[in-house]
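The lines below spell out each chain.
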Amino acid sequence: SKLADFGLADIVQTVGWRSSAGSTTGAQGTAGYMAPEVASGESRPSHAADVSGAGVLLAEMLSVQPLWSHLTNQRPLTLMFAIANGQRPALLQGTPELRGLILRAWAGEVEARPVAAALHLKLRSMAVECFGEKGGPLVAPAGPSVL
């Protein structure tokens with residue numbers, strides 16, 4: 001239900017980066033889906049930050065609850081501080097391959113994250129392996145395909 005958050009990088013590249021009023025970091029978006037570099041204010045949203053947010057979403061899909069539910073009564077800056085300082089909830093569900101993919105997607109180092117197209121292709125191949133070719137309307141995007 002928060003998919004609108006994953007696309008901020010395109011908006012930033014098109015119209016430029018603007019700090020939100022009252023934000024001490026200049027970060028915009030939903031705190032629980034922010035990449036560490038955005039939560040800390042060290043970097044603007046980017047495609048790598050979108051991949052990090054997608055990793056959070058995948059982890060939530062596996063756990064069937066908000067990933068940061070233990071911090072939901074805290075202020076957004078508390079959550080952003082936790083993310084910026086490398087805290088990640090434990091992944092208890094999913095195959096080792098899927099958990100590894102999620103951990104790479106939300107890695108603290110931008111360079112360690114797969115590009116979005118590679119993430120998509122890997123998820124598609126995992127879905128085909130699990131459900132077969134007719135498992136759903138998954139179409140591979142153009143672009144890099146190396147994980």
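Residues numbered from 1 in each chain as written. Predicted model: local features only at pLDDT ≥ 70, side-chain atom pairs only at ≥ 80, totals over all residues. Heavy atoms only, no water.

Draft legend 1. Inspection of the overall build of the protein chain at higher detail. Within the protein chain, the secondary structure is distributed over six helices and zero strands. Going from N to C terminus, the protein chain has its helices and strands arranged as α-α-α-α-α-α. Counting all 147 residues of the protein chain, 34% fall into the buried class. Relative to all contacts within the protein chain whose residues are 6 or more apart in sequence, the contacts with residues 24 or more apart total 60%. (Helix = DSSP H or I, 4+ residues; strand = E, 2+ residues; numbered from the N terminus. Buried < 20%, exposed > 50% of the residue type's maximum accessible area, 1.4 Å probe, protein only. Contact = heavy atoms within 4.5 Å.)

Draft legend 2. Quick peek at the packing of helix α3 (residues 47-63) against helix α5 (residues 96-105). Here α3 crosses α5 at 145 degrees, and the two axes come no closer than 7 Å. Crossing of α3 against α5: the hand is left-handed. Each of V51, S52, G55, L58, A59 and L62 in α3 lies in contact with α5, whose residues at this interface are L98, I102 and A105. Considering only residue class, the contact of α3 with α5 consists of seven nonpolar, two polar and no charged. (Axes fitted to C-alpha atoms, helices over the stretch in contact; angles between N-to-C directions. Left-handed = near helix turned anticlockwise from the far one by under 90°. Nonpolar A, V, L, I, M, F, W, Y, C, P; charged D, E, K, R; others polar.)

Draft legend 3. Broad picture of empty space enclosed by the protein. If you walk through the whole model with that rule in mind, you get two cavities of 30 Å³ or more. The volume enclosed by the second largest cavity comes to roughly 40 Å³. In terms of lining, the second largest cavity is formed by G32, M34, P36, S52, V56, W68, I83, R88 and W106. Looking at the lining of the second largest cavity residue by residue, the classes come out as six nonpolar, two polar and one charged. (1 Å grid on protein atoms, 1.4 Å probe; cavity = no way out; pocket = protein on both sides within 12 Å on 5 of 7 lines; lining within 4 Å. Points joined across faces, edges and corners; volume = space filled by probe spheres on them.)

Draft legend 4. A look at the side chain of E37. Structurally, E37 can be placed in helix α2 (residues 36-39). For E37, the contacting residues outside a window of four places in its chain are E42, S43, S46, A49, G108, V110 and R113.

Draft legend 5. Examining the layout of surface pockets more closely. In this structure, the second largest pocket occupies an estimated 150 Å³ of space. Forming the walls of the second largest pocket are 13 residues, and the residues nearest its centre are S63, Q65, L67, P89 and A90. For the lining of the second largest pocket, the residue count by class is eight nonpolar, five polar and no charged.

Draft legend 6. View of α3. Across its 17 residues, α3 extends 25 Å between first and last C-alpha, which sits within 8% of the 24 Å expected from 1.5 Å per residue. Sitting at the head of α3, S46 places a side-chain oxygen 3.3 Å from the backbone nitrogen of A48. V64 sits one or two residues past α3 and shows a positive phi near 55 degrees. (Expected span 1.5 Å × (residues − 1). Polar contact = N/O pair within 3.5 Å; in protein donor to acceptor, adjacent residues only side chain to side chain.)

Draft legend 7. Focus on the nonpolar core. Membership of the largest hydrophobic core comes to 26 residues, with the highest contact counts inside it found for V56, A59, L67, W68, L79, I102 and W106. Going through the elements one at a time, α2, α3, α4 (76-84), α5 and α6 (116-131) are the ones with two or more residues in this core. Element by element, the count of residues in this core is highest for α3, at five residues. Excluding residues that lie within four positions of it along the chain, A59 makes contacts with L67, L91, I102 and W106. (Core = buried A, V, L, I, M, F, W, Y, C linked by side-chain atoms within 4.5 Å.)

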